[in-house]
Amino acid sequence: MKKLLQIKGLYKSYGSKEILKNINLDVYKNDVVVIIGPSGSGKSTLLRCISKLENITKGEIIYESDKNFHEQIGMVFQNFNLFQNMTVLKNITLAPVKTKKMTLNAANKKALELLKMINLENRKDAYPDSLSGGEKQRVAIVRSLITNPDIMLFDEPTSALDPEMIKEVLNLMKKLAETNTMIIVTHEIAFAKEVATRVIFMDEGKILESGTKEEIFNNPKTDRLKEFLSKIKS
């Protein structure tokens, strides 16, 4: 299997506060790695380090692809991060056109294909404030897809959504998981059980357990993971 990403001995600190401690992780093509753990365990910080939104303190993150970094990684945030003064179509095409990765015509064509895939082509000229939360997140997802990234990162993509909108976003992510490499931070355990090829449990900045979804959810080894899962199930 082709390795896309290698993380070796990663540490991240803010001043004297250590957020990530000796993180080691390999990600292969078509992996769907789901990261679970309590709030404050460093999950989102890890994604931000992978996406170069944060500088690492120590260690290495090795991107195996020869593509430009910004084409390798697509990032989807919990709060959409759409530009309010731009239409849906402009939000999607802005980055690839600005970085000269695509012509405007090519970007528009690809964006319309992606919008059709998520049943939002009729909203291409709408502005974000007229969209539902679920629609905004689906637009944010296709925006990160437009450069065909090697790895898609999702930082709790449903946490800002109303319950009835969560399902439409998870359904899109399930569809993408069939053909894309993904690293997903989420509290949606049922979703993790469905799509994950690997599950990582983090606590206090460390990876405490890593394994298949069956190993993590059916046969947890550490008392901390057992405690975490018991609280989620209760």
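That block above? That's the structure.
Now for a quick tour of the structure. Note that this is a predicted model, so its numbers are computed, not measured.

Analysis parameters
Residues numbered from 1 in each chain as written. Predicted model: local features only at pLDDT ≥ 70, side-chain atom pairs only at ≥ 80, totals over all residues. Heavy atoms only, no water. Pairing = 2+ DSSP bridges. Helix = DSSP H or I, 4+ residues; strand = E, 2+ residues; numbered from the N terminus. Axes fitted to C-alpha atoms, helices over the stretch in contact; angles between N-to-C directions. Contact = heavy atoms within 4.5 Å. 1 Å grid on protein atoms, 1.4 Å probe; cavity = no way out; pocket = protein on both sides within 12 Å on 5 of 7 lines; lining within 4 Å. Points joined across faces, edges and corners; volume = space filled by probe spheres on them. Nonpolar A, V, L, I, M, F, W, Y, C, P; charged D, E, K, R; others polar.

### Considering the sheet that holds strand 6 (residues 151–155)
Sheet architecture is open: six strands sit in the order 5-6-7-3-8-9, paired in mixed fashion. One side of each edge strand has no neighbouring strand; the edge strands of this open sheet are strand 5 (73–76) and strand 9 (206–211). Pairwise comparison of adjacent strand axes, ignoring direction, gives a mean angle of 15 degrees for this sheet. Of the strand pairs in this sheet, strand 3 (residues 32–36) and strand 7 (residues 181–185) are connected by four bridges, and their pairing is parallel. By the bridge assignment for strand 7, Ile-35 is matched with Val-185. Against the sheet, helix 1 (residues 43–50) engages strand 3, strand 5, strand 6, strand 7 and strand 8 (198–203), with an angle of about 145 degrees to strand 6. The strands that helix 6 (residues 163–177) touches are strand 3, strand 6 and strand 7; relative to strand 7, the one it contacts most, it runs at about 145 degrees.

### Looking at the layout of surface pockets
Approximately 660 Å³ is the volume attributed to the largest pocket. Around the largest pocket sit 24 residues that line it, and His-70, Ile-73, Met-75, Ala-95 and Ser-144 are the ones nearest its centre. Where the lining of the largest pocket is concerned, the elements lending two or more residues are helix 2 (69–72), strand 5, helix 3 (88–98) and helix 5 (133–145). Among the residues making up the lining of the largest pocket, the classes are represented as 11 nonpolar, nine polar and four charged. Roughly 180 Å³ of internal volume is contained in the second largest pocket. Contributing to the lining of the second largest pocket are Lys-2, Leu-4, Lys-29, Asn-30, Ser-65, Lys-67, Asn-148, Pro-149, Asp-150, Thr-179, Asn-180 and Thr-181.

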